[in-house]
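Architecture and fold: a report
The primary structure of each chain is shown beneath.
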Amino acid sequence: MILGEFEESTLVGAAGSLWREATEAPFLAAIRAGLLPNEAFHRWLVQDYLFVKGATTFLAVAIAKTPRPAQKVLISGLAALDMELDWFEEKASKRGFDLNAPPHPTCRRYVDFLVASAYTQPFEVLLGMLYGVEVTYLCGWSALEPTGPYAEFIDRWSNDQFAQYVRRLLDLCRQHVHAGQQELFNEVLRHEHEFWRMTWKG
Amino acid sequence: MLHESLWRENADVIRSCLEHPFVRGLADGTLSHDAFRYYVAQDALFLRAFVRAYALAAAKCADLDHARLFHELMTGALNELKLHAGYAAQLGIHLTHVKPDPATSAYTEFLLRVAWHDSLAEIIAAMLPCMQLYWYLGTELAASLYPQHPFEDWIGTYSSKEFKQLCTRLEWLLDEVASDCPAVRDAYCYAMKCELGFFSAPMENPP
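Report follows, based on the coordinates. All values derive from a computational prediction rather than experimental measurement.

Broken down by element type, chain B carries ten helices and zero strands. Here chain B has a C-alpha radius of gyration of 16 Å; the compact-globule value for 207 residues is 17 Å, and the two agree. Referenced to the eigenvectors of the C-alpha coordinate spread, the extents of chain B come out at roughly 45 × 35 × 30 Å. Counting every position in chain B, which comprises 207 residues, the buried fraction comes to 53%. A separation of at least 24 residues holds for 84% of the contacts in chain B among residues at least 6 apart in sequence. Summing over all exposed atoms, chain B offers an accessible surface of approximately 9400 Å²; the carbon and sulfur share of this is 55%.

As structure tokens, then:
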């Protein structure tokens with residue numbers, strides 16, 4: 001997969017070291033090395049599910065503020081999140097994980113930031129934030145080969161269809177440039193970094 | 001009364017706030033100038049979010065008497081902001097250039113998320129801890145006052161009759177509007193924890 005176009009985008013370039021910090025994580029390195037502790041995987045799955053629930057609210061509000069042509073891409077993204085929630089529920093149920101667990105403070109801060117921003121920021125800025133949420137996952141997981149016990153998880157966020165969605169989001173950001181886009185894109189990267197740290201350290 | 005049971009359920013966090021080095025420093029007057037400066041600047045950012053949350057709460061009121069109360073609370077918060085502007089001028093802080101501490105962002109983004117997205121009951125539950133805690137700290141610290149105490153104004157504001165009145169009215173509204181449910185308890189408890197984090201930030205951020 002060619003990820004260069006994302007890494008060379010203006011938003012990523014201007015984020016400096018935040019980009020690397022948001023896409024490289026001990027959690028991912030441990031999957032690659034086949035040394036991921038069960039406890040970390042459990043924490044990640046539950047907290048990522050709770051995050052996606054919050055991201056669904058963010059996206060629903062963002063869709064309502066976005067003009068029609070751009071809205072189409074976001075609506076497809078919302079439908080994908082709905083399927084992702086089903087998928088998480090199935091994975092958790094198989095493993096006996098409790099998805100009613102409370103959100104970790106790090107997850108909570110990320111979701112509060114997204115939802116508060118959805119209501120207070122213009123849609124162009126929200127596009128940049130959504131791009132940040134998705135492109136970090138795409139690039140983070142794409143650094144791994146989809147093999148081993150977590151192959152299905154790796155493939156979920158590194159497959160071509162997901163990359164195409166992220167590319168459409170990048171196109172929208174380029175079409176709807178806004179002075180506030182970079183600042184909140186950077187903030188998303190900071191939250192991504194904290195989220196990965198939480199999955200690893202608890 | 002719901003406001004009393006929530007206060008009791010969170011007694012451990014409230015005690016941690018009272019015993020926090022920042023609050024002890026306010027009480028005995030030994031808090032460093034830099035820590036107070038940092039706190040005032042962050043609190044001004046917090047109060048701006050508080051004012052917005054009151055406005056959003058008012059917008060969600062079907063009962064005009066409730067909306068009137070939020071109008072009064074908003075006026076109270078705006079007056080607090082004036083107090084901060086006074087401190088800021090004395091302390092040489094340019095409030096327009098202040099960046100939010102992560103503890104401030106966590107608290108304000110939580111408040112704004114609840115204010116925009118959740119029910120009136122949850123908004124009140126998220127806003128009441130600040131009022132109750134500051135009234136409690138104000139009255140507890142009032143006993144420590146001595147002539148020319150450096151934080152006399154701060155302690156005086158939060159132990160005043162006017163502040164108590166606003167706090168009591170918000171407690172009344174919580175009891176009137178909210179039911180004892182997990183969402184309300186969670187909003188209250190998280191806000192109280194944010195208060196504790198807010199006191200830690202000035203001690204962890206040397207200039």
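Don't stop here, the text continues.
The subject of this paragraph is helix 6 (residues 102-117) of chain B. Three or four residues apart is the spacing at which side chains of an α-helix point the same way, because the helix has 3.6 residues per turn. The first and last C-alpha atoms of helix 6 of chain B sit 22 Å apart over 16 residues, in line with the 22 Å expected at 1.5 Å per residue. N-capping of helix 6 of chain B is provided by B:Asp101, with a side-chain oxygen placed 2.8 Å from the backbone N of B:Ala103.

Taken together, the contacts link ten residues of chain B with nine residues of chain A. At the boundary of chain B with chain A, total buried surface from both sides reaches about 1000 Å², with 60% on carbon and sulfur atoms. When residues of chain B are sorted by the area they lose upon contact with chain A, B:Glu109, B:Arg113 and B:Trp116 head the list and together hold 49% of the total. If you look at where chain B meets chain A, you find two salt bridges. With a closest N to O distance of 2.7 Å, B:Asp186 and A:Arg108 form a salt bridge. Every element with two or more residues in the side of chain B that touches chain A is listed here: helix 6 and helix 10 (182-204) of chain B. For the side of chain B that touches chain A, the element with the highest residue contribution is helix 6 of chain B, accounting for seven residues. Of the residues assigned to the side of chain B that touches chain A, the class counts are five nonpolar, one polar and four charged.

A separate point is the packing of aromatic side chains. Enumeration over the complete set of coordinates arrives at 48 aromatic pairs over all chains. Seen in terms of ring centroids, A:Tyr150 and A:Phe153 are 6.3 Å apart; in terms of plane orientation they differ by 65 degrees. Their pairing is edge-to-face. Pair check on accessibility: A:Tyr150 and A:Phe153 agree, each one buried. Between B:Phe36 and B:Phe151 the ring centres are 4.8 Å apart and the planes differ by 50 degrees, which places this aromatic pair in the tilted class. Here B:Phe151 lies in the loop between helix 7 (120-142) and helix 8 (152-158) and B:Phe36 lies in helix 4 (residues 33-59), a separation of 115 residues in the sequence. Taken individually, B:Phe36 and B:Phe151 each receive the classification buried, so the pair is uniform in this respect. Here the guanidinium or amino end of A:Arg108 rests over the ring plane of B:Tyr190, the centre of that ring lying 3.9 Å away. Over the face of the ring belonging to A:Trp87 we find A:Arg156, whose NZ or CZ atom lies 4.4 Å from the ring centre.

What follows covers the pattern of salt bridges. With the rule as written, the count across this model stands at 15 salt bridges over all chains. A salt bridge links A:Glu39 to A:Arg43; its shortest N-O distance comes to 3.3 Å. Here the residue A:Glu39 and the residue A:Arg43 both occupy positions in helix 5 (residues 38-65), the gap between them amounting to four residues, near one helical turn. Accessibility expressed as a relative area gives 56% for A:Glu39, which makes it exposed. A relative accessible area of 17% places A:Arg43 in the buried class. The salt bridge partner of A:Asp112 is B:Arg113, with a shortest N-O separation of 2.7 Å.

Procedures and definitions
- Residues numbered from 1 in each chain as written.
- Chains lettered and ligands numbered in written order.
- Predicted model: local features only at pLDDT ≥ 70, side-chain atom pairs only at ≥ 80, totals over all residues.
- Heavy atoms only, no water.
- Helix = DSSP H or I, 4+ residues; strand = E, 2+ residues; numbered from the N terminus.
- Rg over C-alpha atoms; globule rule 2.2 N^0.38 Å.
- Buried < 20%, exposed > 50% of the residue type's maximum accessible area, 1.4 Å probe, protein only.
- Contact = heavy atoms within 4.5 Å.
- Areas by Shrake-Rupley, 256 points an atom, 1.4 Å probe, with all protein chains shown as cover.
- Expected span 1.5 Å × (residues − 1).
- Polar contact = N/O pair within 3.5 Å; in protein donor to acceptor, adjacent residues only side chain to side chain.
- Buried area = accessible area lost by both parts, 1.4 Å probe.
- Salt bridge = Lys/Arg side-chain N within 4 Å of Asp/Glu carboxyl O.
- Nonpolar A, V, L, I, M, F, W, Y, C, P; charged D, E, K, R; others polar.
- Phe/Tyr/Trp six-rings, centres within 6.5 Å; stacked < 30°, edge-to-face > 60°.
- Lys NZ or Arg CZ within 6 Å of the ring centre and 35° of its normal.

The values are spatial; any link to function lies outside them.
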